[in-house]
Amino acid sequence: MAAANLYSTVNLKFSYSFHKNSTNFRHKTVSSLFAEPTRTAVKKSETGRRKRILKASVLDEFEIERLSVKDYLERSVDLIKPDGGPPRWFSPIECNSSGGGVRFEDSPLLLYLPGLDGVGLGLIMHHQRLGKMFDVWCLHIPVMDRTPFEEHVQLVERTIKSENARAPYRPIYLVGESLGGCLALAVAARNPDIDLMVILSNPATSFNKSPMQPILPLLEVIPEQLHAGLPYFLGFVTGDPFKMAMALVEKGLPLQQAVGELSESVVAMLPSLSVLADILPRESLLWKLQMLRSASSFANSRLHAVKAEVLVLASGKDQLIPSQEEAERLFHMLPACQIRNFAESGHTLFMEDGFDLVTVIKGAGFYRRTKKLDYVSDFMHPNQSELTKMYDSYRWVDVATNPVMLSTLENGEVVKGLGGIPSDGPVVYVGYHMLLGLELGPLVSRFLAEKNILLRGIAHAMMFGKIWERSLPDSSLFDVYRIMGGVPVSANNFYRLLSKKSHVLLYPGGVREALHRKGEAYKLFWPSQSEFVRMAANFGAKIVPFGVVGEDDLFDVVFDYDDYMKFPWSKAWVEDLNNGRVRKLRSEAKGEVTEEDLHFPGILPKIPGRFYFLFGKPIETEGRNEELRDKEKAHELYLHVKSEVERQIEYLKDKRENDPYRTLLSRLIYQASHGFTSEIPTFEV
């Protein structure tokens, strides 16, 4: 009975979608396609149990079992059955609340526009996570359909106009893959006044440069009996078969078991590959390739009219088209374009192991539910796999420095660990910013592991700038900050985080402190006036000052900002890097704190020492709101917090001299004799 109710609800959703935007819809086809239960159960392996250690209030509730390439092939069998219908929309059951989760309020519409296959299941490995963020509709183009490209454009155009009229405050997402990328750009060009967010996966706008061009004329004369093998060829040319097969293998398995499962996955997938010949029979393949030529030409002739925000996902091993080269071309042609490169991936990026579309969207700051991106309201908590990737990105720091965490209880006693950290927010953690922000990784991960607290960092606006990031060697360098909840520094963002009782990480020294000069380690570069005290008091937030030392045990600064300014070539580079790209945050302040020019200090590594953190006694502001409205009283508290941070730094610098395991060698010897998972002691507190 429950199952019947489930499917009838989903079918009502289908009926609504198709009635508005399609004609002659055959309801039976989609019903049969999705009449099987979805696999959304939590994994019961030891890996799954570890994933649930952290509470759902901090991380996503659970890790769902993603569908796979094999599921795509099996479900395509039902969806490609001839029904005489035209192109139409459907909403996969996994993307509905009944399919594994609760959708966020006011979630925007996402329209998936498929590639050559036209099936509409290209996002099958991402349906469940996308369904929490979006109202997902997928375009299905029947195998024998011969609708010209311009009519596809009109179909999508009617849909976005209808949905925009229904919910004008929400953006509409167009996710176009290959051929669908041309379709998305064409629609965006014809509708510049509609709020569109466009995601392109290896768009076929560069089809005229495809290395397959010389063999395409042969398709028209190839014998019918040889054609049956062509879809197999295309399937493996356009994607990485190994990474696609790896998508079926459970993570966290021992090597031998993983290899065994991979072999079984490949064997299990082979019989299903025969469906590729049915998805792309000879006549349909020829038609699709002809349409691809016209689609590429149609979209390219209208790129100048695209005003939408665009995110291009480019594969480095795309054998069908030069995707990374095309991404660069689009970046320079489109006014609001970002790029994310995937060097080891093939053409069918969405079907490969290790790729998560939701994580990419979040990392690029590309998710919003209203006209303007709101880093507080639009934030989605990271899941365990995102947390793991964050840890992996800085793991070398954690392993090399083995951080020591100390905190202070209400009675003033200093203890090992984070026992003195308040459990309930709002709390503002105010401290010293190490060189290059090296303390952030250990800090965030320890708070999650020990206290189940997600620190929401207030960061420099350049970490969220879409233009500035293109000057970096890797445009995704700052994605981890957005995924882990960082927000651009502003009074409004600070206010809203406190109103949500968040644990806020604040560095008054900012960029000047993190990019300090030679000989300036552990020197605070705080503004002369209070920037946070009265706001914290307004919400009764606790203020926790903290100090951290250890950067001088890791690097020596040998070339700093002052050195850059001595040489014309390097001075010009710094000025070009900052010119018009970075908003000055303290233009009204005076002194060294205003020197915020971004640069990359020249550093030499040393044999790693150890990091030490000390969190001071929480300072209460509850009930002091009226008192701290007085500027002098607020300034007194501000200076007290600053002096506490300086005192904690001096305490740690003195105490670390008595740490028998301050050096890397001593720690390695200890772990060799006690086990590499053992906790390494430190000085007595």
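All figures in this text were calculated on a predicted structure; none of them were measured in a lab.

Let's shift gears to the overall build of the protein. Secondary structure summary: the protein contains 27 helices and 17 strands in total. Restricting the contact set of the protein to residue pairs at least 6 apart, pairs at least 24 apart contribute 82%.

With that out of the way, let us pick up the packing of aromatic side chains. Taken as a whole and assessed by the stated rule, the structure comprises 26 aromatic pairs. Here Phe134 and Tyr173 contribute two aromatic rings whose centre-to-centre distance is 4.8 Å and whose plane-to-plane angle is 65 degrees, an arrangement assigned as edge-to-face. Here the residue Phe134 occupies a position in the loop between α5 (127-133) and β3 (135-140), and Tyr173 occupies one in strand β4 (residues 172-177), the gap between them amounting to 39 residues. Residue class for Tyr173 comes out buried when judged on its relative accessible area of 0%. Between Tyr495 and Phe539 the ring centres are 4.9 Å apart and the planes differ by 70 degrees, which places this aromatic pair in the edge-to-face class. Pair noted here: Tyr495 is in helix α20 (residues 491-499) and Phe539 is in the loop between α22 (533-538) and β14 (542-549), with a separation of 44 residues, a long-range link. The exposure class of Tyr495 is partly exposed, given its relative accessible area of 39%.

Before going further, it helps to spend a moment on the sheet that holds strand β9 (residues 414-416). On the basis of which strands lie adjacent, the open sheet formed by eight strands has the order β9-β8-β17-β14-β10-β13-β11-β12 and mixed pairing. In this open sheet, the two strands that pair with only one neighbour each are β9 and β12 (487-488). Pairing analysis gives four bridges linking strand β8 (residues 404-408) to strand β17 (residues 612-615), with the strands arranged parallel. Opposite Leu406, over in β17, you have Leu614 as the bridge partner. Contacts from helix α18 (residues 440-451) reach β8, β10 (427-431), β11 (455-459), β13 (503-506), β14 and β17, with the element oriented near 55 degrees to β17.

Among the six residues that make up β3, six are buried, leaving the element largely enclosed by the rest of the structure. Alternating residues of β3 divide into Asp135, Trp137 and Leu139 and Val136, Cys138 and His140, and every residue in both groups is buried. Of the pairings in the sheet, the one linking strand β1 (residues 88-90) to β3 comprises three bridges and is antiparallel in character. Each residue of the ladder has a partner; that of Phe90, found in β3, is Cys138. What joins strand β2 (residues 109-113) to β3 is α5, and the crossover it makes is right-handed.

Here the focus is the packing of helix α17 (residues 384-401) against α18. Where α17 meets α18, the axes come as close as 9 Å, and the angle between the chain directions of the two elements is 125 degrees. Overall, the two elements α17 and α18 adopt an arrangement that is oblique. For α17 against α18, the interelement crossing comes out left-handed. Taking contact as the criterion, the partners of Leu387, Met390, Tyr394, Val397 and Asp398 in α17 are, on α18, Gly441, Pro442, Val444, Ser445, Arg446 and Leu448. Class assignment of the residues belonging to the contact of α17 with α18 gives a composition of seven nonpolar, two polar and two charged.

This part is about the nonpolar core. Phe149 and Leu313 are the most contacted members of the largest nonpolar core, which totals 95 residues. Among all residues touching Phe149, those that are not within four sequence positions of it are Leu179, Cys182, Leu183, Ala186, Met291, Ser294, Ala295 and Phe298. Among the nonpolar cores identified, the runner-up in size contains 79 residues, and Tyr375, Met434, Phe464 and Val557 belong to it.

Looking now at the confidence of the model for the protein. Taken residue by residue, the protein gives an average pLDDT of 81. The fraction at 70 or more is 77%. In the model, residues 1-56 has pLDDT below 50 throughout and makes 102 contacts with residues more than four positions away in sequence or in other chains.

Another point: unusual backbone geometry. A cis amide bond links Gly425 to the next residue, Pro426, at an omega of 5 degrees. Even without being glycine, Asn452 reaches a positive phi, approximately 55 degrees. For Asn452, the location among the structural elements is in the loop between α18 and β11. Asn452 sits in the buried class, given a relative accessible area of 18%. For Lys501, which is not glycine, the phi torsion reads 60 degrees and is therefore positive. The residue Lys501 is located in the loop between α20 and β13 in this model.

The alternating pattern of β13 places His503 and Leu505 on one face and Val504 and Leu506 on the opposite face, and all of these are buried. Here β10 pairs with β13 via four bridges, running parallel. Each residue of the ladder has a partner; that of Val430, found in β13, is Leu506.

Tracing the chain through its elements places Thr401 in helix α17. On the basis of relative accessible area, Thr401 is assigned to the buried category, the value being 1%. In this structure the C-alpha to C-alpha distance between Thr401 and Arg667, which are 266 residues apart in sequence, comes to 9.5 Å. If we ignore the near neighbours within four places in the chain, the residues touching Thr401 are Leu554, Gly609, Arg610, Phe611 and Arg667.

Another point: the sheet that holds strand β5 (residues 196-201). Spatially, β1-β3-β2-β4-β5-β6-β7 is the arrangement adopted by the seven strands of the open sheet, whose pairing is mixed. Strand pairing shows two members of the sheet lacking a second neighbour, β1 and β7 (337-342), which therefore form its edges. Ignoring strand direction, the axes of neighbouring strands in this sheet form an average angle of 20 degrees. Across the sheet, helix α7 (residues 179-190) lies against β2, β3, β4 and β5, angled at about 145 degrees from β4, the strand it touches most.

A few words now on the state of the cysteines. For the structure shown, the criterion picks out zero disulfides. We note that Cys95 lacks a disulfide partner, and the nearest cysteine sulfur, in Cys138, lies 6.1 Å from it. Overall, the relative accessible area of 0% leaves Cys138 in the buried class.

Before going further, it helps to spend a moment on the pattern of salt bridges. Taken as a whole and assessed by the stated rule, the structure comprises 31 salt bridges. Between Arg656 and Asp553 there is a salt bridge, with the nearest N and O atoms lying 3.4 Å from each other. Here Asp553 lies in the loop between β14 and β15 (555-559) and Arg656 lies in the loop between α26 (631-655) and α27 (664-674), a separation of 103 residues in the sequence. The pair formed by Arg656 and Asp553 is uniform in burial state, with each residue classed as buried. One salt bridge connects Glu650 with Lys653, and the closest N-O pair in it is separated by 3.7 Å. Remark: Lys653 and Glu650 occur in helix α26; sequence separation between them is three residues, near one turn of the helix. For Glu650, a relative accessible area of 47% gives the class partly exposed. Overall, Lys653 belongs to the partly exposed group, its relative accessible area being 27%. Ionic contacts of the salt-bridge type, sharing partners, join the residues Asp552, Asp553, Arg656, Glu657 and Arg662 into one network.

Rules behind the numbers
Residues numbered from 1 in each chain as written. Predicted model: local features only at pLDDT ≥ 70, side-chain atom pairs only at ≥ 80, totals over all residues. Heavy atoms only, no water. Helix = DSSP H or I, 4+ residues; strand = E, 2+ residues; numbered from the N terminus. Contact = heavy atoms within 4.5 Å. Phe/Tyr/Trp six-rings, centres within 6.5 Å; stacked < 30°, edge-to-face > 60°. Buried < 20%, exposed > 50% of the residue type's maximum accessible area, 1.4 Å probe, protein only. Pairing = 2+ DSSP bridges. Axes fitted to C-alpha atoms, helices over the stretch in contact; angles between N-to-C directions. Right-handed = clockwise from strand over helix to strand, strands pointing away. Parallel < 35°, antiparallel > 145°, perpendicular 65-115°, else oblique. Left-handed = near helix turned anticlockwise from the far one by under 90°. Nonpolar A, V, L, I, M, F, W, Y, C, P; charged D, E, K, R; others polar. Core = buried A, V, L, I, M, F, W, Y, C linked by side-chain atoms within 4.5 Å. pLDDT = per-residue confidence, 0-100. Disulfide = S-S within 2.5 Å. Salt bridge = Lys/Arg side-chain N within 4 Å of Asp/Glu carboxyl O.

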